[in-house]
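# Commentary on secondary and tertiary structure
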Amino acid sequence: MSLDKGAGLARITVAYVLALFLGGLSLYLVDVNPLLDILVADLVATLVIFLFGQYYGNASFYDPYWSVIPPFLALYWLVVGGGDVPVLREVLVLGLILYWATRLTLNWALHWQGMQHEDWRFDLLRQRAPAMTPLIDLVGIHLVPTLQVFAGMLPVYAVYCLGDRGLNWLDLLATVVTFGAITLQLVADRQLHAFIARREEGEQLHSGLWAWSRHPNYCGELGFWLGLFLFGIAAYPEGWYWFGTGCLLLTLMFLFASIPMMEQRSLERRPAYQDIIDSTSMLIPWPPRR
């Protein structure tokens, strides 16, 4: 690890420790219900990370927030939840969230390029309204993703604070889907980084999982949120219509924002990528068409 990257990781660590501390402190000041209290704490922590990003001129301080915060939300609901939740379900949900969060955060830390690096999508958002850059940073880059992830975690709130159903076949399905999705993402990311390390100019990744899906890592990510939704149904089926909004919103974001932006960038840099679009499933792994 370079000294520059090490110093950058140290700054980000300080930012997240402070964000978690102030977010946790807000829990002593806001005492309404377990859902609203932790939402306020989540927004406070987001604001701290936003301010660090503004100070250092790099909104990618927020990059690991996606995977760092969900375990703390789950732990809070586990502690304050008053429902009669089967212990095995509690353990499965928390264990799978920790598996996902640890893997995704380490993947970011290992491949993060240092303080000079900022997610290319952030600049695209700013270019749409340069005069409103601070507002775009706050709302589009920080608050909207925070609220999306919070919505995706609503089934976990249902599991720990509302659900009282015994273990059932949906718990087994949810476990298989969630574990499989995280592992799919892990394998896809490893194949991607191995390719990046050895690729030649103009070469495109079209092997392994990437020969069956143009975005197997995104498929795994959406599968993770779907798995949490299934746990929510297993524990508290009557709430499916409201705690399913997060999974729906995240799916729409990937289908209509993340994937199109990624593919447009790939086409601009490598026009031959159109052949992969024509022959390979966009999301769900499927045998190539030719």
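Report follows, based on the coordinates. (Residues numbered from 1 in each chain as written. Predicted model: local features only at pLDDT ≥ 70, side-chain atom pairs only at ≥ 80, totals over all residues. Heavy atoms only, no water.)

Time to look at the overall build of the protein. A tally of helices and strands in the protein yields 12 helices and zero strands. Secondary structure elements in the protein, listed N-terminal to C-terminal, are α-α-α-α-α-α-α-α-α-α-α-α. By the compact-globule yardstick of 19 Å for 290 residues, the protein fits well, its C-alpha radius of gyration being 20 Å. A principal-axis box enclosing the C-alpha atoms of the protein has dimensions of 55 × 45 × 35 Å. Here the protein holds 290 residues, and the buried ones make up 47% of them. At a minimum sequence separation of 6, the contacts of the protein that also span at least 24 residues come to 80%. As presented, the protein carries roughly 14400 Å² of accessible surface, and 67% of it is formed by carbon and sulfur atoms. (Helix = DSSP H or I, 4+ residues; strand = E, 2+ residues; numbered from the N terminus. Rg over C-alpha atoms; globule rule 2.2 N^0.38 Å. Buried < 20%, exposed > 50% of the residue type's maximum accessible area, 1.4 Å probe, protein only. Contact = heavy atoms within 4.5 Å. Areas by Shrake-Rupley, 256 points an atom, 1.4 Å probe, with all protein chains shown as cover.)

Attention now goes to the packing of helix α2 (residues 34-56) against helix α6 (residues 133-152). Axis separation between α2 and α6 bottoms out at 10 Å; the angle between their running directions is 145°. Of the two elements, α2 crosses α6, and the hand of that crossing is right-handed. Residues Leu-35, Ile-38, Leu-39, Asp-42, Leu-43, Thr-46, Leu-47, Ile-49, Phe-50 and Gln-54 of α2 pack against Pro-134, Asp-137, Leu-138, His-142, Leu-143, Thr-146, Leu-147 and Phe-150 of α6. Of the residues that constitute the contact of α2 with α6, the class distribution is 12 nonpolar, four polar and two charged. (Axes fitted to C-alpha atoms, helices over the stretch in contact; angles between N-to-C directions. Left-handed = near helix turned anticlockwise from the far one by under 90°. Nonpolar A, V, L, I, M, F, W, Y, C, P; charged D, E, K, R; others polar.)

Bringing the pattern of salt bridges into the picture now. Within this structure, the stated rule accounts for eight salt bridges. Put simply, Arg-121 and Asp-119 hold a salt bridge, and the shortest N to O gap is 2.8 Å. Judged by its relative accessible area of 23%, Arg-121 is partly exposed. Residue Asp-119 is classed as buried on the basis of its relative accessible area, which comes to 12%. Because the salt bridges share partners, they merge into one network encompassing Glu-118, Arg-126 and Asp-137. (Salt bridge = Lys/Arg side-chain N within 4 Å of Asp/Glu carboxyl O.)

Take a nonpolar patch on the surface next. A cluster of nonpolar side chains, namely Leu-18, Phe-21, Leu-22, Leu-25, Tyr-28 and Leu-29, defines an oily patch on the protein surface of about 670 Å² accessible area. Considering the arrangement of structural elements, one finds Leu-22 in helix α1 (residues 3-29). (Patch = residues over 30% accessible without salt bridge, like charges linked within 9 Å, V, L, I, M, F, W, Y side chains within 5 Å.)

Evaluation of the coordinates by the stated rule reveals 18 aromatic pairs. Each ring, one from Trp-100 and one from Phe-224, has its centre 4.3 Å from the other, and the planes form 5°; the classification is stacked. In this pair, Trp-100 sits in helix α4 (residues 87-111) while Phe-224 sits in helix α9 (residues 216-235), placing the two residues 124 residues apart along the sequence. Look at Trp-100 and you get buried, because its relative accessible area is 0%. Three or more aromatic residues joined by ring pairs form one cluster here, namely Trp-77, Phe-150, Tyr-157, Phe-229, Trp-242 and Phe-243. (Phe/Tyr/Trp six-rings, centres within 6.5 Å; stacked < 30°, edge-to-face > 60°.)

When two helices pack together, their arrangement is captured by the angle between the axes and the distance separating the axes. Packing of α6 against helix α11 (residues 245-269) leaves a shortest axis separation of 7 Å and a crossing angle of 135°. With respect to their mutual orientation, α6 and α11 come out oblique. You can see that α6 and α11 cross each other, and the crossing is left-handed. For the pair α6 and α11, the contacting residues are Gln-148, Ala-151 and Gly-152 in the first and Gly-246, Cys-247, Leu-249, Leu-250 and Met-253 in the second. Taken together, the residues of the contact of α6 with α11 break down into five nonpolar, three polar and no charged. (Parallel < 35°, antiparallel > 145°, perpendicular 65-115°, else oblique.)

Attention shifts here to the side chain of Ser-279. Looking at where Ser-279 falls in the secondary structure, it is placed in helix α12 (residues 273-279). The class for Ser-279 is buried, based on a relative accessible area of 5%. Among the polar contacts listed, one links the side chain of Ser-279 to the backbone oxygen of Asp-275, at a separation of 2.9 Å. (Polar contact = N/O pair within 3.5 Å; in protein donor to acceptor, adjacent residues only side chain to side chain.)

If you trace the backbone, Arg-214 turns up in the loop between α8 (169-198) and α9. Of the polar contacts made by the side chain of Arg-214, one reaches the side chain of Glu-263; its length is 2.6 Å. A distance of 2.6 Å separates a polar atom in the side chain of Arg-214 from the backbone oxygen of Thr-280. The residues contacting Arg-214, other than those within four sequence positions of it, are Glu-263, Tyr-273, Ile-276, Ile-277, Thr-280, Ser-281 and Met-282.

On to the nonpolar core, then. By size, the foremost hydrophobic cluster in this structure holds 66 residues, and its most contacted members are Trp-66, Trp-77, Met-153, Val-156, Tyr-160 and Trp-225. Those residues in contact with Trp-77 that lie beyond four places of it in its chain are Pro-34, Leu-35, Ile-38, Phe-150, Met-153, Val-156, Tyr-157, Tyr-160 and Cys-161. (Core = buried A, V, L, I, M, F, W, Y, C linked by side-chain atoms within 4.5 Å.)

Within the fold, Trp-108 resides in helix α4. When its relative accessible area of 17% is taken as the criterion, Trp-108 is described as buried. It is 23 Å that separates the C-alpha atoms of Trp-108 and Gln-264, two residues lying 156 residues apart in sequence. Among all residues touching Trp-108, those that are not within four sequence positions of it are Leu-9, Ile-12, Asp-63 and Pro-64.

Once that is clear, we can look at the environment of Gly-246. Tracing the backbone through its elements, the reader meets Gly-246 in helix α11. Here the alpha-carbon distance between Gly-246 and Ala-151, two residues 95 residues apart in the chain, equals 4.1 Å. Aside from chain neighbours lying at most four places away, what touches Gly-246 is Ala-151 and Gly-152.

Read these as layout, nothing more, since geometry by itself doesn't imply function.
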